[in-house]
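Coordinate inspection notes
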Amino acid sequence: QVQLVESGGGLVQTGGSLRLSCVASGRTFSNFAMGWFRQAPGKEREFVASIRWSGTTYYADSVKARFTISRENAKNTVYLQMNNLKPEDTTVYYCAATREGTGWSGGYWGQGTQVTVSS
């Protein structure tokens with residue numbers, strides 16, 4: 001059974017930092033891209049960042065220069081370092097994994113972790 005388990009969410013003040021972690025288990029994740037998405041109530045899920053097996057990274061413009069995605073392939077773990085957090089970053093963050101070259105919708109998803117940034 002494949003599982004993605006996020007952790008590291010919480011409450012932080014504007015300008016603060018959080019580090020999200022996501023541990024994947026249940027299969028081999030070689031050649032899988034891993035990513036972070038977020039979704040606020042009543043809104044569509046939004047891409048935040050992703051990282052390929054090779055380490056190539058991609059970011060949404062809204063988080064570029066503030067967030068950093070990284071991964072440890074040996075641990076099937078992906079991280080999201082979030083700096084200079086803003087109130088508009090408040091929402092639930094989801095980890096995802098998908099075979100490279102396929103869409104995220106067909107991949108694996110975690111249950112989400114809440115990030116709240118107070119003003």
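Right above here is the structure, for reference.
Worth saying up front: this structure is predicted, and the values here are computed from it rather than measured.

Another point: the pairing of strand β4 (residues 32–39). Here β4 lies mainly inside the structure; 7 of its 8 residues are buried. Summarising the sheet, β4 and strand β9 (residues 91–99) pair through 8 bridges and their orientation is antiparallel. Within β9, the position partnered with Phe32 by the bridge is Arg99. Sheet topology places β4 next to strand β5 (residues 46–51); 5 bridges connect them, and they run antiparallel.

Right, let's get into the state of the cysteines. As enumerated under the stated definition, the model contains 1 disulfide in all. Between the sulfur of Cys22 and that of Cys95 lies a disulfide, 2.1 Å long from S to S. Judged by the torsion about the S-S bond (-80°), the Cys22/Cys95 disulfide is left-handed. Here Cys22, found in strand β3 (residues 18–25), pairs with Cys95, found in strand β9; they are 73 residues apart in sequence, far enough to count as distant. Each of the two residues, Cys22 as well as Cys95, counts as buried.

What counts, and at which threshold
Residues numbered from 1 in each chain as written. Predicted model: local features only at pLDDT ≥ 70, side-chain atom pairs only at ≥ 80, totals over all residues. Heavy atoms only, no water. Buried < 20%, exposed > 50% of the residue type's maximum accessible area, 1.4 Å probe, protein only. Helix = DSSP H or I, 4+ residues; strand = E, 2+ residues; numbered from the N terminus. Pairing = 2+ DSSP bridges. Disulfide = S-S within 2.5 Å.

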